[in-house]
Amino acid sequence: MTEEFGGSNIQVVCRFRPLNTLEKQMGGGEVVDFDGKTCKLNNKNGKHDFTFDHIFKSGSKQGDLFNVVGKPVVEDIFKGYNGTVFVYGQTGSGKSYTMMGPNEDHKGYCTDSNLKGLIPRMIEEIFDRVENSDPDIEFTIQISYIEIYLEKIRDLLDPHHQDLKIKEDRESGRGVYIKGATEEYVTSVEEVYNLLKVGAGNRVVSSTRMNDESSRSHSIFIITIGQKHLVNLDSKTGKLFLVDLAGSEKVKKTGASGQTLEEAKNINKSLSALGMVINALTDGVSKFVPYRDSKLTRLLQDSLGGNSRTTLIINCSMSSYNEDETLSTLRFGFRAKNIKNKPKVNRELSAKELQKLLDKAKEEIRELKEYTNGIEEELKIYKKGGIKTEIKIQDPTETTSKESDAKEADLKRQELEEKLNELLPTLSKYREKCVLLEKELVEEKQFRNRIMDENIQLKDEINQAKEEGAQSLEDIHILKEQLKEKSDYLATAESYRNDLEKIIQLKTNECQEVKDSMKEERRKLEYVVKEKDSEVEEHKKQMEHYCRQLNESKIQLLTLQSKQDDPDLELVMNFIDKKFKKITKTAKKESDRDRLRKRRESFLTLRKIKTDLKNIQEEMDESDDDSDDDGDETGDTDFNEAEFMLPSPPQEVVLQIPPTPTAIDDSDYFTEPVVTNEEAPSSVFTQVPESERLSEALERIRELEVTNKNLKSERDNLLEDLSNRVDKVIELEVQLDEITDKYNTLSNQNIIKKYSRKIEWLERNLEQVTVNLSQVHNENSEIIMKLSLAEKKIRMKEERLTELNNIIVEQTRKAKKEADMFVEERSKLNDTINTLKRELDILKHTKIVTVPPPQIEIENTSSKVRRPLRGGGSKPKKTEEDEYFSSPGSTAELDVELDSSGSSASKYATIRKPSTASTHRRSTFSLKELFFGKSKSENINLDAQNVDLDDK
Ligand SMILES: Nc1ncnc2c1ncn2[C@@H]1O[C@H](COP(=O)(O)OP(=O)(O)OP(=O)(O)O)[C@@H](O)[C@H]1O
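As the structure is a computational prediction, the values presented were derived from the model and not from experiment. Just so you know, the residues in each chain are numbered from 1, in the order the chain's sequence is written. Whole-chain, interface and lining totals are the exception, using all residues; otherwise, since this is a predicted model, local features are given only for residues with pLDDT of at least 70 and side-chain atom pairs are given and counted only at 80 or more. For side-chain calculations, the full set of non-hydrogen atoms in the structure is used, while hydrogens and water are omitted.

**Overview of a negative patch on the surface**
Move 1: Residues enter patches when their relative accessible area tops 30% and they take part in no salt bridge; the joining distance is 9 Å for like charges and 5 Å for the nonpolar side chains Val, Leu, Ile, Met, Phe, Trp and Tyr. All accessible-area figures derive from a Shrake-Rupley calculation using a 1.4 Å probe, and residue coverage is judged against the displayed protein chains alone. The salt bridge criterion pairs a side-chain nitrogen of Lys or Arg with a carboxyl oxygen of Asp or Glu, the two atoms within 4 Å. His is not counted, nor are the chain ends, whereas Lys and Arg count as positive and Asp and Glu as negative. A single reference atom marks each charge: NZ on Lys, CZ on Arg, CG on Asp, CD on Glu. A cluster of like negative charges, contributed by Glu 467, Glu 468, Glu 474, Asp 475, Glu 779 and Glu 782, occupies part of the molecular surface.
Move 2: Looking at the negative patch, the elements with two or more residues in it are helix H11 (402-564) and helix H19 (750-843).
Move 3: Secondary structure counts use DSSP, requiring at least four H or I residues in a row for a helix and at least two E residues in a row for a strand, with both numbered from the N terminus. Among the elements that take part in the negative patch, H11 stands out by supplying four residues, more than any other.
Move 4: Structurally, Glu 467 is set in helix H11.

Given below as structure tokens:
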């Protein structure tokens, strides 16, 4: 059974050690002042005050520390509490010195009465207390000694155990323990010292710049003290953890490297885990304490915030050389002060205790029954009228006759029988009750176990749910971050798209502008073309005029021909006419679309005609030359020139065909004047003398030729300008197409595709994230619901548990009451039996008992076997009787004195050895043991012939 008391804070004491050689060498002074329980550290950053439960200045004695810290802890352990003393501080600050004392002869402990540390003093105190305890209390003392080195638990009492595991057993009240660790039973201080020596030999210690013998591991010395009151069977257990932590160290200062560096890393890691546990226990916010982060914290779980009375000793240096470390140590201790523990007295569970009580009661009933049966049997013998041969019945009066004695005996027998008959149902009633109680207890225990299992399961569920919740929250957080990232990305993409759209718009505007400008250009061009057309028209008219004149000249030529009968000239004229007609025809057929091409073709045709004409001219010239040679014609060079120039006008006319076919009817144009000109000659030839007209015509032809040339060049210019403009238009159109293409390409190009893909992907992701988010929200709310449900369940279970506890308490109370009643009844029964016995005694004579030697428990020298100690003496000592009985085969004739006064009468018998008959010594055998208990278990037989029971 565990008795809980109000929570108590961890006690924190602070110890300073004197400056060491290194600190003196470094030349720094002392930086700590004291004011009662407050120490003040003055460093470069100012003053820091820390108040503790006790402060031990540098000159403090080991004994003072024991009186303040050690003694009360030992007292607590004997009360059944768990206790812990642990020392914390930087390397070389005096932790091992405080715990063990100086390790001068490398034994692992110190026995110097002034210098020995807490552990030796506490061990001695424990054995002193056992020595001075109630002799009815049986003690067991067990020792374990382990170290945590490089995050592995090593058994210092058995180095074969290298990596022990930590286990927890709340149900049995054992709490956190190390599975497989050696637990040696000890019965003396010397035995413990031996173990300390063994342990110290197995510990890992190295030399560093800060400490010649630096502990490289956390050592834990565990003392378990069990107590059992042999009379009331009350039992309790106290466990004491004495922890010497490895020192925190600055690698730079200690000069750790290689293995020591690895050790330093592990030491600092586990110490920081210890710091985290203390933070979580004291910050008032943390719901979770990370005990499982290191072996050290896991092992100290009960000592920090659990079932233990804990004292923390912080060891510091006063030197300015170590002021930073001292400050951090003081802060650590100051924080630890706020840890609240819940120490409980570790008593046997009520169920067990009750079970034992019940067993005891059952045993007593059985014994009583046997005893009554014995009496019954004796009575039967009397009833038969005989006297048991072994029993000499002493007649106290010597005056009553045998007959009256028999009658009286008969009556007594009847009375006894009646009383026995009355007693038997009571006994069976008790037996039944015991069975019932036993059953109830088993059921109750099972129920309680079930509830506890359920509770643990629920707690696990809650923890899981909490973990899941935390995970979900984390997921939500991650998703939110992703969402944010994606939204940012989306926004960037959006802005990029907007920029692109703007660029496209700009380009489109530019295109539009170019189109507009082109349109404008076209319009201008059309205007110019129109102008040029009108100019051409003008020229055409002029040409008409010239043509007419040409026709006139032609007519004149014809006339001349008729006069000269020149067949070649006629041929030329015909040819020209033909060509004119042909060209007119061709021009008429030209469509608007192919105009330009046709023009060029016409131009080529005309050029061909011109070449033909030139050829004809040349032929004519040749013929002229021939005629000249013949001497037929003289001084007709003008005519020849005119002849030579003749083809030009039609060529120009053709070239100047207006752009719209409807505008000019070429056939009309060419036929009409001819008709007019055909009519004209009569008048012309009649008015002007022929040679004048001819020269005039030639003059005009020349003029025409010049004009033609001008017109030609102008036309060429115009054509060139036109083609330039057309080219420009084409170029612009090509540009426009290019821009459009570019735009299309751009919109189709990878960037846009990529971005649109990305945008799509982001949108999809966004959707997914939203879905996930809502899912997570749902899950979260589900978890919260589950959590609240589970909490509700736990609350209900807890309520149920309290209810059950109350029931158990009630049941225990009832059982106790019943047990009391039973004891009362039993004493009544005893009284009755005593009365019966007394009555029977009248009939009895003194008996001699031959007691064979009781089997004395042989002391087992193996310390792993339970070795109890009795209060008042270090272990159950052999009494004179024990020694006597222990000699094999010896028998003793003992006088057994029965003390009839009070209830103890049934309990003790005085045994007298024949040789020392005068000395009456009280043995530890109870009457019950003597007659019933030991008679079975320890072979003590009643021999009526050898036992003398006197009247007392
Ligand atoms: N209060 C003290 N008075 C005198 N000497 C002391 C005191 N405390 C410590 N010392 C001496 O200081 C040295 C270092 O002490 P100790 O080995 O106990 O340090 P530690 O904190 O256990 O170091 P580590 O963590 O490295 O094991 C030892 O030589 C020890 O004797």
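**Re the side chain of Gln 227**
Move 1: Position of Gln 227 among the secondary structure elements: in strand S16 (residues 218-229).
Move 2: Only protein chains enter the area calculation, which uses a 1.4 Å probe; residues under 20% of their type maximum are buried, those over 50% are exposed, and those in between are partly exposed. Judged by its relative accessible area of 8%, Gln 227 falls in the buried class.
Move 3: Counted as a polar contact is a pair of N or O atoms within 3.5 Å, where, for protein atoms, one must be capable of donating a hydrogen and the other of accepting one, and residues adjacent in sequence contribute only when both atoms are in side chains. Polar contacts involving the side chain of Gln 227 include one to the main-chain carbonyl oxygen of Phe 78, which spans 2.6 Å.
Move 4: Two residues qualify as a contact provided that any one of their heavy atoms is within 4.5 Å of a heavy atom in the partner residue. The contact partners of Gln 227, leaving out residues within four places of it in the chain, are Ile 77, Phe 78, Ile 137, Glu 138, Phe 139, Asp 234, Ser 235 and Lys 236.

**Quick look at the sheet that holds strand S5 (residues 38-43)**
Note: strands within a sheet are paired through backbone hydrogen bonds, in either parallel or antiparallel orientation.
Move 1: The three strands lie next to each other as S4-S5-S6, forming an open sheet whose pairing is antiparallel. With one partner strand each, in any of the chains shown, strand S4 (32-35) and strand S6 (46-51) form the two edges of the open sheet. Each strand axis lies, on average, 25 degrees off the axis of its neighbour in the sheet, ignoring direction.
Move 2: As paired strands, S5 and S6 are joined by six bridges and run antiparallel to one another. Across the sheet, the residue bridging to Asn 42 is Lys 47, located in S6.
Move 3: Here an angle of 0 to 180 degrees is reported between the N-to-C directions of two axes, which are lines fitted to C-alpha atoms, with helices fitted over the stretch in contact. Packed on one face of the sheet, helix H9 (residues 323-336) meets S5 and S6 and runs near 145 degrees to S5. Any two strands between which DSSP finds at least two bridges are classified as paired.

**Details of the packing of helix H4 (residues 118-131) against helix H5 (residues 189-202)**
Move 1: Here H4 crosses H5 at 150 degrees, and the two axes come no closer than 10 Å. Classified by the angle between their axes, H4 and H5 sit roughly antiparallel to one another. By crossing handedness, the relation of H4 to H5 is classed as right-handed. Note on element contacts: H5 touches H4 through Val 189, Val 192, Tyr 193 and Leu 196, opposite Ile 119, Pro 120, Ile 123, Glu 124 and Phe 127. If an angle is under 35 degrees, it is roughly parallel; if it is over 145, roughly antiparallel; if it lies from 65 to 115, roughly perpendicular; otherwise it is oblique. Each crossing gets its handedness from the near helix: less than a right angle anticlockwise from the far helix is left-handed, clockwise is right-handed.

**Comments concerning the confidence of the model for the chain**
Move 1: Summary statistics for the chain give a mean pLDDT of 72 and a share of 66% for residues scoring 70 or more.
Move 2: Known as pLDDT, the predictor's confidence for each residue is given on a scale from 0 to 100. Confidence drops under a pLDDT of 50 for residues 1-5, and excluding neighbours within four residues, the segment shows 20 contacts in the predicted structure.
Move 3: Scored below 50 in pLDDT, residues 626-688 shows 107 contacts in the model against residues more than four places distant or in partner chains.
Move 4: As a predicted assembly, this complex carries a pTM of 0.45 together with an ipTM value of 0.98.

**Considering the side chain of Ser 219**
Move 1: Following the sequence through the fold, Ser 219 ends up in strand S16.
Move 2: Of the polar contacts made by the side chain of Ser 219, one reaches the side chain of Arg 203; its length is 3.3 Å.
Move 3: Sequence-distant contacts of Ser 219, defined by excluding residues within four places in its chain, comprise Tyr 145, Ile 146, Glu 147, Arg 203, Leu 242, Val 243 and Asp 244.

**Concerning the site of the ligand**
Move 1: The rule for a residue being near a molecule or strand is that one of its heavy atoms must lie within 4 Å of it. Surveying the vicinity of the ligand reveals 16 residues, the closest of which are Thr 91, Gly 92, Lys 95, Ser 214 and Ser 215.
Move 2: Within the backbone of Gly 94, an N or O atom sits 3.1 Å from an oxygen atom of the ligand.
Move 3: Within the contact set of the ligand, an oxygen atom lies 2.8 Å away from a side-chain nitrogen or oxygen of Lys 95.
Move 4: The fraction of the free accessible surface of the ligand (620 Å²) that becomes covered by protein chains is 77%.
Move 5: Counting residues per element, the ones that place at least two in the shell around the ligand are strand S3 (11-17), helix H3 (95-99) and strand S15 (214-215).
Move 6: When residues in the shell around the ligand are grouped by element, the largest group, three residues, is from H3.
Move 7: When residues are grouped by polarity, Ala, Val, Leu, Ile, Met, Phe, Trp, Tyr, Cys and Pro land in nonpolar, Asp, Glu, Lys and Arg in charged, and all others, Gly among them, in polar. Broken down by class, the residue content of the shell around the ligand amounts to two nonpolar, 10 polar and four charged.

**Remarks on the pairing of strand S8 (residues 83-89)**
Move 1: Counted residue by residue, S8 has seven buried out of seven residues, so it is predominantly covered.
Move 2: On S8, burial covers both faces: Gly 83, Val 85, Val 87 and Gly 89 on one face and Thr 84, Phe 86 and Tyr 88 on the other are all buried.
Move 3: Relative to strand S17 (residues 235-244), S8 is paired through five bridges, and the arrangement is parallel. Residue Val 87 lies in a different strand from S17, and its bridge partner there is Asp 244.
Move 4: Sheet topology places S8 next to strand S18 (residues 309-317); seven bridges connect them, and they run parallel.

**What to know about the UniProt feature "binding site: ATP" (unreviewed entry) in the chain**
Move 1: UniProt positions are given in the numbering used here, feature names are shortened, and annotations may be inferred rather than shown by experiment. In this structure's numbering, the residues bearing the UniProt feature "binding site: ATP" (unreviewed entry) are Gly 89, Gln 90, Thr 91, Gly 92, Ser 93, Gly 94, Lys 95 and Ser 96.
Move 2: Among the structural elements, Gln 90 can be located in the loop between S8 and H3.
Move 3: Overall, the relative accessible area of 3% leaves Gln 90 in the buried class.
Move 4: Excluding anything up to four places from it in sequence, Gln 90 contacts Lys 95, Met 210, Gly 247, Ser 248, Asn 315, Ser 317, Asn 322, Glu 325, Thr 326 and Thr 329.
Move 5: Tracing the backbone shows Ser 96 in helix H3.
Move 6: The exposure class of Ser 96 is partly exposed, given its relative accessible area of 27%.

**Topic: the packing of aromatic side chains**
Move 1: Aromatic contacts are taken between Phe, Tyr and Trp rings whose centres are within 6.5 Å, Trp giving its six-membered ring; a plane angle under 30 degrees counts as stacked, one over 60 as edge-to-face, and the others as tilted. Throughout the structure, instances matching the rule amount to eight aromatic pairs.
Move 2: Their ring planes at 85 degrees and their centres at 6.4 Å tell us that Phe 52 and Phe 334 sit as a pair that is edge-to-face. Of this pair, Phe 52 sits in the loop between S6 and strand S7 (54-56) while Phe 334 sits in helix H9, and the two are 282 residues apart along the sequence.
Move 3: Relative accessible area serves as the criterion here: at 37%, Phe 334 is assigned to the partly exposed category.
Move 4: The structure contains a cluster of three or more aromatic residues connected by ring pairs, namely Phe 50, Phe 52 and Phe 334.
Move 5: Either the NZ atom of lysine or the CZ atom of arginine qualifies as a charge over a ring when it sits within 6 Å of the ring centre and within 35 degrees of the ring normal. The ring of Tyr 81 carries the charged tip of Arg 309 above its face, separated from the ring centre by 4.0 Å.

**With respect to the pattern of salt bridges**
Move 1: Evaluation of the coordinates by the stated rule reveals 16 salt bridges.
Move 2: The partner of Glu 520 in a salt bridge is Arg 523, and the shortest N-O contact between them spans 2.4 Å. Residue Glu 520 and its partner Arg 523 are located together in helix H11, separated by three residues, close to a single helical turn.
Move 3: Residues participating in the shared-partner salt-bridge network are Glu 147, Arg 154, Arg 203 and Asp 244.

**Some details on H9**
Each full turn of the α-helix corresponds to 3.6 residues, which orients residues three or four apart in the same direction.
Move 1: Between its terminal C-alpha atoms H9 stretches 20 Å, which fits the 20 Å expected from 14 residues at 1.5 Å a residue.
Move 2: Within the span of H9, buried status applies to Glu 323, Glu 325, Thr 326, Leu 327, Thr 329, Leu 330, Phe 332, Gly 333 and Ala 336. Here the expected span of a helix is defined as 1.5 Å times the quantity of residues minus one.

**Describing empty space enclosed by the protein**
Move 1: Site definitions follow a grid-based scheme: protein atoms alone, a 1 Å grid, a 1.4 Å probe that fits but cannot get out for cavities, and for pockets an open set with protein on both sides within 12 Å along at least five of seven lines, plus lining residues having an atom within 4 Å of a point. Grid points are joined across faces, edges and corners, and a volume is the space filled by probe spheres set on the points. In total, this model carries 10 cavities of 30 Å³ or more according to the counting rule given.
Move 2: Taken together, Ser 144, Arg 174, Val 176, Tyr 177, Ile 178, Ala 181, Glu 183, Ile 222, Lys 239, Phe 241 and Leu 299 make up the lining of the largest cavity.
Move 3: Those elements that place two or more of their residues in the lining of the largest cavity are strand S12 (175-179) and S17.
Move 4: Considering only residue class, the lining of the largest cavity consists of seven nonpolar, one polar and three charged.

**Focus on a nonpolar patch on the surface**
Move 1: There is a patch of nonpolar side chains on the surface, built from Val 726, Ile 730 and Val 734 and spanning about 210 Å² of accessible area.
Move 2: Summarising the element assignment, Ile 730 is placed in helix H18 (residues 690-748).

**What about the environment of Asn 744?**
Move 1: Considering the arrangement of structural elements, one finds Asn 744 in helix H18.
Move 2: For the pair Asn 744 and Ile 504, spaced 240 residues apart in the sequence, the C-alpha separation amounts to 9.8 Å.

**Some words on the nonpolar core**
Move 1: Counting 49 residues, the largest nonpolar core has Phe 16, Phe 52, Leu 274, Leu 299, Leu 304, Leu 312 and Leu 330 as its most contacted members.
Move 2: Ranked by residue count, the leading element in this core is helix H7 (residues 259-282), at six residues.
Move 3: Apart from residues lying up to four places away in sequence, Phe 16 is in contact with Val 32, Phe 34, Cys 39, Ile 55, Phe 56, Lys 57, Ser 58, Cys 316, Ser 317, Met 318, Thr 326 and Leu 330.
Move 4: In this structure, Phe 56, Ile 77, Phe 78 and Tyr 109 belong to the second largest nonpolar core, which totals 41 residues. Nonpolar cores are built from buried Ala, Val, Leu, Ile, Met, Phe, Trp, Tyr and Cys residues. Side-chain atoms within 4.5 Å join them into one set.

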